[in-house]
Amino acid sequence: MPAAAAVPGAQAARPGLRAWIVLAVLCFVYVLNFLDRQLLSILAKPIQDELGVSDGQLGLIGGLYFAMFYCILAIPVGWLADRSNRVRVLAFSCGLWSAATAACGMASSYPQLALARMAVGIGEAGGVPPSYAIISDYFPPGTRGTALGLFNLGPPIGAALGVAFGASVAAAYSWRMAFIWVGVVGVMTAAGVWAFIREPRKGGLDAAPAQASMEGAAPAPGFAETCRGFFANPVLRNMALACGATQFVTYAMLNFTVLMLMREKGMSLEEVAVWYALVFGLGSALGMFLSGRLIDRLARRSRTAYAYLPAAGLALAIPFFIGFVSAGRWELALLFLFLPTGLNYFYLSPAVTLVQEEVRPDQRVLSGALLLLVMNLIGLGFGPTYLGMASDFFRASHPDSSLQMAFYTLVPFYLLAIGLFLLLARSIRRQPAREKQL
């Protein structure tokens with residue numbers, strides 16, 4: 001049974017004050033989620049200097065090792081959250097990943113750091129999908145793109161704060177203290193979410209037909225039924241694949257941009273804490289927010305906007321990405337990096353909004369987890385892993401610019417992602433309006 005979607009030309013209902021407060025709290029949790037995740041890449045240089053790990057090893061613990069737990073466990077956690085209290089699942093997960101983040105700061109060897117990162121992945125598996133569903137039950141159709149766009153400011157804010165905070169603490173004290181302090185803040189936040197956020201009624205703001213069908217005699221869809229329906233739906237399947245190809249680029253960049261700026265373009269930790277934090281924070285935040293606002297407007301005219309908007313963003317990003325990689329000094333590199341930082345994230349708000357409005361309210365957490373499974377397993381699992389190994393490969397022939405050479409090889413993945421979004425637009429055009437369902 002389809003979830004409610006905004007009717008073309010209809011006036012969207014206005015969410016109440018409580019909805020905006022909940023959105024702000026969930027966004028802060030997402031900030032911590034991404035801050036914890038990105039500390040490893042931000043502090044890669046001092047970690048390498050102390051523990052003696054290679055680019056390939058960094059790619060594995062920031063990519064594949066983390067993603068194996070983060071992506072796969074999100075599926076059973078999503079199924080559980082759809083049938084239980086989503087706020088409690090989120091709070092418990094936040095406490096777990098925060099404690100594991102603190103443990104990263106206590107690691108004295110590469111295996112210990114790898115185990116701690118895996119534990120972070122286990123906790124973060126229960127972070128984002130429940131939040132998507134909670135927001136969708138606090139905000140009515142027609143406002144969810146904007147709400148989810150604001151929620152998706154969590155990654156850019158978290159990464160920017162991670163750069164500023166992590167680099168500053170590492171420069172003043174040590175990289176270990178950055179992990180420990182962030183972990184403590186996360187545990188306290190988890191307790192606040194458990195105590196103060198109210199669980200909303202599933203589907204309570206959707207259109208009457210959708211609510212009646214869900215709350216009537218039809219039983220709740222099972223785990224296997226929801227999974228089969230997700231991958232049998234060409235719109236959902238193609239969106240997940242297109243996002244995965246996009247995240248291959250974005251997560252590869254996130255995990256190695258700071259290291260390249262410091263090692264190959266002459267940037268210091270103090271300069272990273274100010275200038276890279278500003279470029280990444282402002283650029284990605286603008287991209288997240290603007291794409292959320294645009295998709296609320298454009299999707300009312302044509303649902304193909306869910307595909308064309310991300311494709312256009314990626315196409316515009318390519319020449320500036322090449323300029324960033326080829327720049328000789330960090331100042332020029334950051335100027336080129338600003339636009340790709342925003343345009344690379346034009347996919348996320350459209351993807352989340354489409355999935356949340358394509359499925360029943362009691363399938364939203366699991367469906368969001370399935371989206372994250374595909375795009376994070378491809379992007380987070382293999383993007384950083386690939387780029388780290390590519391850098392190790394180029395080390396022999398380009399000892400002073402191995403990461404630069406590895407970054408150039410990401411351009412074909414930009415083109416692949418654009419092609420997959422165009423395929424998604426074709427699937428949307430072929431989908432009859434009455435088949436918007438799992």
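Check the entry above for the structure.
Residues numbered from 1 in each chain as written. Predicted model: local features only at pLDDT ≥ 70, side-chain atom pairs only at ≥ 80, totals over all residues. Heavy atoms only, no water.

A. Structural context of the overall build of the chain. A count of helical and extended segments in the chain gives 20 helices and zero strands. For 438 residues, the compact-globule estimate of 2.2 N^0.38 gives 22 Å, and the C-alpha radius of gyration of the chain, at 21 Å, lies within 12% of that figure. With the principal axes as the frame, the chain shows a C-alpha extent of 65 × 45 × 35 Å. Counting over 438 residues, the chain shows a buried share of 62%. Taking the intrachain contacts of the chain between residues at least 6 apart in sequence as the baseline, contacts between residues at least 24 apart amount to 86%. When the 31 positive and 22 negative side-chain charges of the chain are each reduced to one mean point, those points stand 9 Å apart. (Helix = DSSP H or I, 4+ residues; strand = E, 2+ residues; numbered from the N terminus. Rg over C-alpha atoms; globule rule 2.2 N^0.38 Å. Buried < 20%, exposed > 50% of the residue type's maximum accessible area, 1.4 Å probe, protein only. Contact = heavy atoms within 4.5 Å. Lys, Arg positive; Asp, Glu negative; His and termini not counted. Charge placed at Lys NZ, Arg CZ, Asp CG, Glu CD.)

B. Expanded view of the side chain of Ser291. Mapped onto the fold, Ser291 is located in helix 14 (residues 269-301). In this view, Ser291 contacts Leu309, Tyr345, Phe346, Ser349 and Pro350; residues no more than four positions away in its chain are not counted.

C. Here's a closer look at a positive patch on the surface. A surface patch of like charges, here positive, comprises Arg293, Arg297, Arg300 and Arg301. Take Arg293: it is sitting in helix 14. (Patch = residues over 30% accessible without salt bridge, like charges linked within 9 Å, V, L, I, M, F, W, Y side chains within 5 Å. Areas by Shrake-Rupley, 256 points an atom, 1.4 Å probe, with all protein chains shown as cover. Salt bridge = Lys/Arg side-chain N within 4 Å of Asp/Glu carboxyl O.)

D. Structural context of helix 4 (residues 64-82). The end-to-end C-alpha distance of helix 4, which contains 19 residues, comes to 27 Å, matching closely the 27 Å that a straight helix rising 1.5 Å per residue would cover. In helix 4, a bend of some 35° at Ala74 exceeds every other bend along the element, and Pro76, a proline, comes one to four places later. Three or more residues of helix 4 are buried, namely Phe66, Ala67, Tyr70, Cys71, Ala74, Ile75, Gly78, Ala81 and Asp82. (Expected span 1.5 Å × (residues − 1). Bend = angle between axes of the 7 residues up to and from the residue.)

E. Main features of the packing of aromatic side chains. With the rule as written, the count across this model stands at 17 aromatic pairs. Taken together, a centroid distance of 5.0 Å and an interplanar angle of 80° make the contact between Trp20 and Phe139 edge-to-face. One end of the pair, Trp20, is in helix 1 (residues 17-42); the other, Phe139, is in the loop between helix 7 (128-138) and helix 8 (144-151), with 119 residues separating them in the sequence. Relative accessible area serves as the criterion here: at 37%, Trp20 is assigned to the partly exposed category. Ring centres 5.2 Å apart and planes at 75° place the aromatic pair Phe230 and Phe231 in the edge-to-face group. Ring-pair connections join several aromatic residues into one group, and the members of that group are Tyr276, Phe280, Tyr345 and Tyr347. (Phe/Tyr/Trp six-rings, centres within 6.5 Å; stacked < 30°, edge-to-face > 60°.)

F. Representation of the pattern of salt bridges. Under the definition given, this model contains seven salt bridges. Note that Asp55 and Arg263 form a salt bridge whose closest N and O atoms lie 2.8 Å from each other. Here Asp55, found in helix 3 (residues 55-62), pairs with Arg263, found in helix 13 (residues 234-263); they are 208 residues apart in sequence, far enough to count as distant. Note that Arg329 and Glu331 form a salt bridge whose closest N and O atoms lie 3.1 Å from each other. Note on Glu331: relative accessible area 34%, which makes it partly exposed. Connected through shared salt-bridge partners, Asp55, Arg263 and Arg395 make up one network.

By themselves, these are just geometric observations and shouldn't be taken as functional.
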